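# Examination of the molecular architecture
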Amino acid sequence: MPEGKDLSVLPLPVRAEMKSLPADLADQVGAHLIAAGELIDIDPAQALKHARAARRRAARLTVTREALAEAAYAAGEWSTALNEFRSLRRMTGDQMWLPMMADCERALSRPQAALRLVKEGATLNLSPKDRIELRLVEAGARSDLGQQSEALRLLRHTLSTLPARAVGARVRIGYALADQLLATDEQDQALEMFSQVASWDTDHATDAAERVEQLNGFTLELGEDDSDDEVVHAQPEPESDPEPEPTSELEPEPESESDPEAEAASEPAPEPEPEAVSDPEPVSEPEATSEPKAAPNPEPEAADELGDLLDFARETEGAAPQEDDRA
């Protein structure tokens, strides 16, 4: 149980209803209710735990059922919230829960059921605030059914009938209208509507100002993308011209590919011819080398002739003295 909670912060009707409980139990239930109220905007899941703890301890109190319904609604527990809102409506007879019930039906992907509750609410004496909430649910259900034009018509009509002093209602309806315009790709109108809502929303209850900044940035990026697209569209034109040319060039290419093969087949044939031409060259070279080898052969012949001359000279010299002796 949460400790240190001052039960005096609870609204007087809540404390009055809790008087039917024992003091200790009332303190426990009150502490959980205070904790759920403090956490519902910060941590809805944790707030839901405290609301369930309060309901378990005092299920017959409307304050615990209301706390659980609102905490479940904030946490996105649509089935739990719808059941608790139905119980509250049955227990109190109050129709103020009808817009939340319709919104839960829509969140559960049952837009037709949501529209039935909207139709039922049109016959009831609802407060202006509840009627605004019910109109928002109706526009959302129409959009879920693919009826965007009808959703835009409902929101525009409602906004046109709101007085200038109903600032809160104008902010809620205007924001929904801008969001619907954005969903239908009406960028300029959505930006204009978000800007108008931002000027109304002086309490900053919505993020309309941030949406304006986002849309301004998106518009700039979209403009850059458009310019890029134009460049891209301009580029294919020169690229498309050469594309047919390669196809025409591809047809003669097989012929050119066959010619190199024939040439390649014919080129090896002349290659042996230079080899045949080169063969005589080495043959002639050994002949040239054989000629100098034959040169030494005549040298002995010349030596023999020289020897014969020397012998002849000796003989003549030997013969000469004999003649002198005879003389």
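Residues numbered from 1 in each chain as written. Predicted model: local features only at pLDDT ≥ 70, side-chain atom pairs only at ≥ 80, totals over all residues. Heavy atoms only, no water.

### Description of the overall build of the chain
Cut-off, in case you're wondering: Runs of E in the DSSP output that reach at least two residues are strands. Runs of H or I that reach at least four are helices, and both are numbered from the N terminus. Per-residue accessibility, obtained with a 1.4 Å probe over protein chains only, is compared with the maximum for each type, and a residue is labelled buried under 20%, exposed over 50%, and partly exposed between these values. We call two residues in contact when some of their heavy atoms are within 4.5 Å.
Scanning the chain for helices and strands turns up 18 helices and zero strands. Classification of the 327 residues of the chain by burial places 28% in the buried group. Of the contacts made within the chain by residues no fewer than 6 positions apart, 48% connect residues no fewer than 24 positions apart.

### Topic: the packing of aromatic side chains
Here is the rule we go by: Two rings from Phe, Tyr or Trp (for Trp, the six-membered ring) form a pair when their centres sit within 6.5 Å of each other. Planes less than 30 degrees apart are called stacked, planes more than 60 degrees apart edge-to-face, and all others tilted. The rule is short: NZ of Lys or CZ of Arg within 6 Å of the ring centre and within 35 degrees of the ring normal puts a charge over the ring.
Counting across every chain of the model gives four aromatic pairs. Ring geometry for Tyr73 versus Phe85: centroids 6.1 Å apart, planes at 70°, classification edge-to-face. Taken together, the residues Tyr73 in helix α4 (residues 62-75) and Phe85 in helix α5 (residues 78-92) connect sequence positions 12 residues apart. Using a relative accessible area of 26% as the deciding quantity, one classes Tyr73 as partly exposed. Judged by centre distance (5.4 Å) and plane angle (75°), the rings of Tyr175 and Phe194 are edge-to-face. With Tyr175 in helix α10 (residues 167-183) and Phe194 in helix α11 (residues 187-200), this residue pair connects regions lying 19 residues apart in the sequence. Judged on exposure class, the residue Tyr175 and its partner Phe194 are both buried. Members of the aromatic cluster, joined through ring pairs, are Tyr73, Trp78, Phe85 and Trp97. It is Arg170 that lies over the ring of Trp200; its NZ or CZ is 4.5 Å from the centre.

### Some points on the confidence of the model for the chain
The cut-off we apply is this: Residue-level confidence of the predictor is summarised by pLDDT, bounded by 0 at the bottom and 100 at the top.
Per-residue confidence for the chain gives a mean pLDDT of 78; residues scoring 70 or more make up 65%. Across residues 222-303, confidence stays below pLDDT 50; counting only partners more than four residues off in sequence or on other chains, it has zero contacts. Predicted confidence is poor over residues 318-327, with pLDDT under 50, and the contacts of this stretch with residues over four places away or in other chains come to zero contacts.

### Observations concerning the environment of Ser20
Convention followed: The definition of a polar contact used here is a pair of N or O atoms within 3.5 Å, where within protein one atom must be able to donate a hydrogen and the other to accept one, and adjacent residues in sequence count solely through side-chain atom pairs.
Take Ser20: it is sitting in the loop between α1 (12-18) and α2 (23-39). For Ser20, a relative accessible area of 56% puts it in the exposed group. Sequence separation between Ser20 and Ala58 is 38 residues, and the spatial gap between their C-alpha atoms is 10.0 Å. Here Glu17 takes part through its backbone oxygen, which lies 3.0 Å from a polar atom of the side chain of Ser20.

### Notes on the nonpolar core
Selection rule: We define a nonpolar core as any set of buried Ala, Val, Leu, Ile, Met, Phe, Trp, Tyr and Cys residues linked to one another through side-chain atoms lying within 4.5 Å.
Judged by nonpolar contacts, the single largest core of 37 residues is most densely connected at Met18, Val29, Leu33 and Phe85. Secondary structure elements with two or more residues in this core: α1, α2, α3 (44-57), α4, α5, α6 (98-107), α7 (111-122) and α8 (128-144). Counting residues per element, this core draws most heavily on α4, at six residues. Those residues in contact with Phe85, other than ones at most four positions away along the chain, are Ala69, Glu70, Tyr73, Trp97, Met100, Met101 and Cys104. Ranked by size, the runner-up nonpolar core spans 24 residues in total, among them Ile132, Leu159, Ala190 and Phe194.

### What about the pattern of salt bridges?
We apply this condition: Whenever Lys or Arg places a side-chain nitrogen within 4 Å of a carboxyl oxygen from Asp or Glu, that contact is recorded as a salt bridge.
Following the criterion strictly, the structure yields 10 salt bridges and no others. For the salt bridge of Arg106 with Asp144, the shortest nitrogen-to-oxygen distance reads 2.6 Å. Taken as a pair, Arg106 in helix α6 and Asp144 in helix α8 lie far apart in primary sequence, 38 residues in all. Residue classification places Arg106 among the partly exposed residues on the basis of a relative accessible area of 29%. On the accessibility criterion, Asp144 (40% relative accessible area) is partly exposed.

### As for the side chain of Gln180
Its location among the elements puts Gln180 in helix α10. Residues within four places of Gln180 in sequence aside, it is in contact with Ser143, Gln148, Ala151, Leu152 and Leu155.

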